[in-house]
Amino acid sequence: MNFKILKPALTACLLFVTVLSFAQKDFQGKAYYESKTTVDMSNFGGGQLSEERKKEIAGRMKSMLEKTFILTFNQSESIYKEEERLEAPSTGRGPRFGAMSFTGGDQYKNVRDQELLQEQEFFGKQFLIKDELQQLKWELGSETKTIGQYTCFKATAVKKASGFDISNFGRRPSGDEDKKDEEEKPKEIMVTAWYTPQIPVNQGPDKYWGLPGLILEINADKTTILCSKIVLNPSEKDEMKVPSKGKEVTQAEYDAIVKKKMEEMQAMRGGRGGNRGGGGRR
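None of the values given here were measured: they were computed from a predicted structure. (Residues numbered from 1 in each chain as written. Predicted model: local features only at pLDDT ≥ 70, side-chain atom pairs only at ≥ 80, totals over all residues. Heavy atoms only, no water.)

A. How the structure looks around the overall build of the protein. A count of helices and strands for the protein gives 4 helices and 12 strands. By residue count, 38% of the 282 residues in the protein fall in the buried class. In the protein, once contacts between residues fewer than 6 apart in sequence are set aside, the share between residues at least 24 apart is 67%. Accessible surface for the protein amounts to roughly 16,900 Å². Of this, 51% is attributable to carbon and sulfur atoms. (Helix = DSSP H or I, 4+ residues; strand = E, 2+ residues; numbered from the N terminus. Buried < 20%, exposed > 50% of the residue type's maximum accessible area, 1.4 Å probe, protein only. Contact = heavy atoms within 4.5 Å. Areas by Shrake-Rupley, 256 points an atom, 1.4 Å probe, with all protein chains shown as cover.)

B. Looking closely at the pairing of strand β5 (residues 115–122). The buried count for β5 comes to 6 of 8 residues, which makes it a mostly enclosed element. Sheet topology places β5 next to strand β6 (residues 125–132); 8 bridges connect them, and they run antiparallel. Residue pairing in the sheet places Gln 118 in a bridge with Ile 129 of β6. The turn joining β5 and β6, which pair antiparallel and follow one another in sequence, is formed by 2 residues; a positive phi near 50 degrees is taken by Phe 123. (Pairing = 2+ DSSP bridges.)

C. Broad picture of the environment of Phe 27. The residue Phe 27 is located in the loop between α1 (3–23) and β1 (29–37) in this model. Expressed as a C-alpha distance, the spacing of Phe 27 and Lys 237, which sit 210 residues apart in the sequence, is 9.0 Å.

D. Region of interest: the nonpolar core. Tyr 33, Trp 138, Leu 214, Leu 216 and Ile 218 are the most contacted members of the largest nonpolar core, which totals 31 residues. For this core, the secondary-structure elements that each account for two or more residues are β1, β2 (66–73), β8 (150–160), β9 (188–196), β10 (214–220) and β11 (223–232). Contacts of Leu 216, omitting those with residues within four sequence positions, involve Tyr 33, Ile 147, Tyr 150, Cys 152, Trp 194, Tyr 195, Thr 196, Ile 225, Leu 226, Cys 227 and Ile 230. Core analysis: the second largest hydrophobic core is formed by 8 residues, Phe 127, Tyr 254, Met 262 and Met 265 among them. (Core = buried A, V, L, I, M, F, W, Y, C linked by side-chain atoms within 4.5 Å.)

E. Structural context of the packing of aromatic side chains. Applying the stated criterion across every chain, the model contains 7 aromatic pairs. On the basis of an interplanar angle of 65 degrees and a centroid distance of 6.4 Å, the ring pair of Tyr 33 and Tyr 80 is categorised as edge-to-face. With Tyr 33 in strand β1 and Tyr 80 in strand β3 (residues 77–82), this pair connects stretches of sequence that are 47 residues apart. With relative accessibility at 0%, the residue Tyr 33 sits in the buried group. Look at Phe 153 and Tyr 195: their rings are 6.1 Å apart centre to centre, the planes differ by 35 degrees, and that puts the pair in the tilted class. Here Tyr 195 lies in strand β9 and Phe 153 lies in strand β8, a separation of 42 residues in the sequence. Here Tyr 195 falls in the buried class, since its relative accessible area comes to 6%. An aromatic cluster is built from Phe 122, Phe 123, Phe 127 and Tyr 254, whose rings are joined through pairwise contacts. Of note, Lys 229 hangs over the ring of Tyr 32, and the distance from its end group to the ring centre comes to 5.0 Å. Its guanidinium or amino end placed over the ring of Phe 123, Lys 261 lies 5.1 Å from that ring's centre, counting from NZ or CZ. (Phe/Tyr/Trp six-rings, centres within 6.5 Å; stacked < 30°, edge-to-face > 60°. Lys NZ or Arg CZ within 6 Å of the ring centre and 35° of its normal.)

F. Up close: the side chain of Lys 159. Mapping Lys 159 onto the fold places it in strand β8. Within the buried core, Lys 159 has no salt-bridge partner, and the shortest N-O distance to an opposite charge, that of Asp 206, equals 6.1 Å. Of note is the side chain of Lys 159, whose polar atom sits 2.9 Å from the side chain of Tyr 208. In contact with Lys 159, not counting residues within four places along its chain, are Gln 134, Leu 136, Lys 187, Glu 188, Ile 189, Val 191 and Tyr 208. (Lys, Arg positive; Asp, Glu negative; His and termini not counted. Salt bridge = Lys/Arg side-chain N within 4 Å of Asp/Glu carboxyl O. Polar contact = N/O pair within 3.5 Å; in protein donor to acceptor, adjacent residues only side chain to side chain.)

G. Inspection of the pairing of β11 at higher detail. In this structure, β1 lies alongside β11, joined through 9 bridges in antiparallel fashion. Bridge pairing in β11 links Lys 30 to Val 231. The loop that links β10 with its antiparallel partner β11 comprises 2 residues; one of these, Asp 221, has a positive phi angle of about 55 degrees.

Here you go:
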């Protein structure tokens, strides 16, 4: 028997079986992601806070800036949601810091129909973001690295910056500083993704998708999302339940609502700070 011929044949056969497993109608997978956003505390509170106070605030903000998510996916659909964990009753998925209150529900992506749906609660109001999937112009590179047991390839893209950056909340620039911040605020963000063709699905964490393999890592501005665990074809499959609660808005409409409210809050906080600085006059 010619083993030199047999070995490539067996490899090809195994590859064919792997491809068939992903092509099954009931195929499903789960990917667990750790998401972390960094915050520049240097000018937090307008530079009026002590280092000890900044550390205390950073600790309180950690729960909203470091989260674990689960992406449940098949060939055309995915549900991205925060992993449930025991926390204080006042916390949820999304920032709850001081007067801030906006939490996100399940996010649904359908790459076949190019559809995005996400339930979002903002200051007591429930919204349903319904929009087309954002299509990034990915540039595929040849650089590789290993994440877990998977070989990943690098891809990059540029996207527009969102209307509100949670990592800048709490900073109090004014006058010339405000204008300077507006001028220096990035209009575009470089996104670096690492995807694996070993899991040939067009899916990824959060709103990222569109690569020839599951995205296992995302680096975008101050946020990093990294896959820590993957389960393929779990014994118990989850239902792909499409979000349906809330006032229907587009992503642009929702971003405008958030930006307006945050600007109002920043102005109110700045006003209170000015009164304190003026010897407590009412």
